[in-house]
Structures are given as structure tokens and as C-alpha cells.
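A look at the structure
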Amino acid sequence: MRRGSKRNRLLDYWLGIPLLNALATLRKTGRRRQWPARVTKVGVICSPALGDTLLFSGALRDLRGWCDSQAGGGIEIVHFCMRQNLAAAELIAGADRRVLVDLTKPGQSIRRMRAEHMDVMLDFTSWQRLTAFYSMMSGARFTAGFQTAEQYRGRGYDVVVKHRADCHEVENFRALLGAVGIAAGLEPQVVVPEVPDEPLASARDIVVFHLWASGTRSWLREWPEERWIALAKRLARPETVFAMTGAPSDRERTDPFVERMKGAGLDAVAFVGIDGFISLSHLLRRARVVVSVNTGVMHLAAVLGAPTVSINGPNRNGRWGPVGSYAVGVESPGEGCGYLHLGFDFDGRATDCMERITVGMVVAAADVMVSR
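To start, this report covers the structure provided alongside it. (Residues numbered from 1 in each chain as written. Predicted model: local features only at pLDDT ≥ 70, side-chain atom pairs only at ≥ 80, totals over all residues. Heavy atoms only, no water.)

1. A closer look at the pairing of strand β4 (residues 120-123)
Side-chain alternation along β4 places Val120 and Leu122 on one buried face and Met121 and Asp123 on a second face that is also buried. Examined bridge by bridge, strand β1 (residues 41-45) and β4 share four bridges and lie parallel to one another. Residue pairing in the sheet places Val44 in a bridge with Leu122 of β4. Bridge count between β4 and strand β5 (residues 142-148): three bridges; the pairing is parallel. Across the sheet, the residue bridging to Val120 is Phe142, located in β5. Between the parallel elements β4 and β5, the chain passes through helix α5 (residues 129-137) in a crossover that is right-handed. (Buried < 20%, exposed > 50% of the residue type's maximum accessible area, 1.4 Å probe, protein only. Helix = DSSP H or I, 4+ residues; strand = E, 2+ residues; numbered from the N terminus. Pairing = 2+ DSSP bridges. Right-handed = clockwise from strand over helix to strand, strands pointing away.)

2. Digging into the state of the cysteines
Taken as a whole and judged by the stated rule, the model has one disulfide. The disulfide bridge from Cys337 ends at Cys353, spanning 2.1 Å between sulfur atoms. Residues Cys337 and Cys353 are joined by a disulfide whose S-S torsion is about -95°; by sign, that bridge is left-handed. Here the residue Cys337 occupies a position in the loop between β12 (327-330) and α12 (359-371), and Cys353 occupies one in the loop between β12 and α12, the gap between them amounting to 16 residues. (Disulfide = S-S within 2.5 Å.)

3. Brief notes about α5
The element α5 is largely enclosed, with a buried count of eight among its nine residues. When we look at burial in α5, the residues that qualify are Arg129, Leu130, Thr131, Ala132, Phe133, Tyr134, Ser135 and Met136. Of the residues flanking the end of α5, it is Gly139, one or two places downstream, whose phi is positive at about 85°.

4. Quick word on the sheet that holds strand β8 (residues 240-245)
Strand pairing in a sheet relies on backbone hydrogen bonds. The paired strands run either parallel or antiparallel. What the six strands build is an open sheet, ordered β9-β8-β7-β10-β11-β12; its pairing is parallel. In this open sheet, the two edge strands, each paired with only one partner strand, are β9 (268-271) and β12. With strand direction ignored, the average angle separating the axes of adjacent strands in the sheet is 20°. Sheet strands in contact with helix α9 (residues 278-286) are β7 (205-210), β8, β9 and β10 (289-293), and its direction is about 120° off that of β7. (Axes fitted to C-alpha atoms, helices over the stretch in contact; angles between N-to-C directions. Contact = heavy atoms within 4.5 Å.)

5. Details of the packing of aromatic side chains
Two descriptors summarise a pair of aromatic rings, namely the distance from one centre to the other and the angle between the planes of the rings. All chains considered together, the criterion is met by 11 aromatic pairs. Considering the side-chain rings of Trp35 and Phe142, the 5.3 Å spacing of their centres and the 65° angle between planes classify their relative orientation as edge-to-face. Residue Trp35 is found in the loop between α1 (6-26) and β1, and its partner Phe142 is found in strand β5; the two are separated by 107 residues along the sequence. The class of Trp35 is partly exposed, set by a relative accessible area of 26%. Both rings, one in Phe56 and one in Phe173, keep their centres 5.9 Å apart while their planes meet at 85°; by these two values the pair is edge-to-face. In this pair, Phe56 sits in helix α2 (residues 50-69) while Phe173 sits in helix α6 (residues 169-179), placing the two residues 117 residues apart along the sequence. With respect to class, Phe56 is no different from Phe173; both count as buried. A connected cluster of aromatic rings, assembled from ring pairs, spans Phe209, Trp223, Trp228 and Phe242. (Phe/Tyr/Trp six-rings, centres within 6.5 Å; stacked < 30°, edge-to-face > 60°.)

The structure is reproduced here in C-alpha cells:
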């Protein structure tokens, strides 16, 4: 269920809420089930957003550690993922298997979940009613998930955890594990396979820019193009190659911007990986600095340990900022920004948050990251 799809959110709202609450009522959820005495299989599901999936990797590592620590071991973890987040899911460790589901196809998704015969189902999604419904219909003997304000999704779980807007999403994931007695605290991590050829192998100095956001009203999370060019001039060295990353769907904007960079006397190339996030990860690791709007590529760079600067605007560091030893988020000055909680809650909010962030602010953050 993509945050950027209004149709899917409406489907989730008008179909998910009545289905979920009708089923919760029939199950008489006042008598919640207890954690099974014997667990052999645990299912997990997280948001299909790429960044959310990467942030979830820490909680998945914690769950893996708990499963391996139990007497006899052998507890299997099944990660139910979607086509939208498969590239990120392939880089995170912990699950024994991944099973693809399509949240817009209820019958098919529920059948695939029930076929796994799970003892426990842990739902790490925050706002989707359909994922809560699928968790209830999964056939698992115990479920846990979030109750999120104004999303009407928590009644059917056996353990319900408040999803908070005043902490980072990583902390919300840890709270869900803690509520079922699993110690949590590991940082997000990815495992990247080797590639036969390093991207831009001949480049001696690489700076990565990721200009494009995705999802609902994505333009409100994008920085003016002229400021990217001004930033590039401040960061450029004689040998610098600027790599513009983006999805294949971004090429119609990336290619003209690369030409603008070249017209400004800068060496720039467009980079679109053809193997999910694998080649992109190798590129990010080699970068002197990665500057990105707040999106999945930013989170990937931060988790990889690349010097990363996130240009946040409507996002707030304490809620959706980068997580990594060499990562920092630049926030909008003044009042009214940093308001995003679930990723689509723009109504009635400031629309100039990205414009408030100056080139000097980003340069200063980049200098700090590079000096580390």
C-alpha cells in the first residue's frame, strides 16, 4: 500500500476500516490471546516504503537474535514484502524467507499468509488498515501491531502498541518488540553483495546527489534545482564527478538536470541501477558525500555508513532523519516545518519548508560529514 497513491489510501480507508473492525468485533478482542507456549514460525510485515524497510532492518536483526537464543533454536522468520520494497528487503538480514504479497489483492495475500501456518504475526506497518486486517486473517495464533492515532487499526491485535509521533520510527519498531518481551536495540544494517564492476570505477572523487522524492505531494520535499547547482559548485574539486541518482521513472527529469550541471562547467552523470539497490549501494559507499532529499536512497546511504546529508524540510530529524554514524539532517529554520508523521499528512501545513534551507546550511553540514 503506497503512501503516494491516493486511490490505494482511499481503498484502505473505505474497505479496510469496516472490514477490520467488523472482524475485531466478531473475535471479541476483549479476550486477547497469549503468546504461544511453543513458537516455530514468526511472520513479519513492514511498510512497502523503501526507507521504512531499511529502518526496519534493526528490529529484524533483534528478532533474529531472539529466535536464535531460544531453546532448541530453529525458529523460522518469514518476511512478507511487496514489490515496492523488494529491492530494500533483499539487502536486510534476519528473515529465512521472503514471501511477496500484493496488498491490493486481499484474497491472494491472505492465502499466501495462511499457507505459512505461523505461530506469531508481527505487523510493523503504522497506518495501513489492510495490513492489520491481513494480520488478523493470517491464521497466526498470536498477533501484535500498532494503534496509530486516527487510523482505527489496532482493535484486532492480541498486543497493541501505541505508534508515536514524538520519536523516530526506529524507536517505534523497538517498542513493538519490547511489548512482546523481545529486547531491541540493534541499529539498522544492510548486507550488500559484491558486484563484478564498481560503478564509475575510474572516478577519483564522487559526490552523489539525489534530488527527487516520491510519494504524496513529493514536490514539497524537493529542493530548488538552482540550489543544487550552487551546492555542486561549492563542493566541486577538479576531479569531482557528480552522480545524479534516481529511479528509472526519474530519467525524464534527471537527464535535463545533468545537462544543466554540464552547462555550469560541472562533470555530471545520471546513475540508475539495474540490479535493485546493489550497484547503487557500492556507488554510495565510494562517495565523498551523499546529499539527498529525505527518501529511501538517503536512508540507504546513512545505513551504509556513507557521509550523508539529508535535506529534510517537512520531515524532522527526530522522526524520519537519517540513522548512521556519518549522517546528519538539515532542518528548515523557523516555525511550522518538520510536521510529517505518516508521510502524507500535508493538509494545512507549510509548503515552503524546502525553500527555507539555504545552500550555506547544506555546505556546512557536508563539511562536517566529510571531516569525520
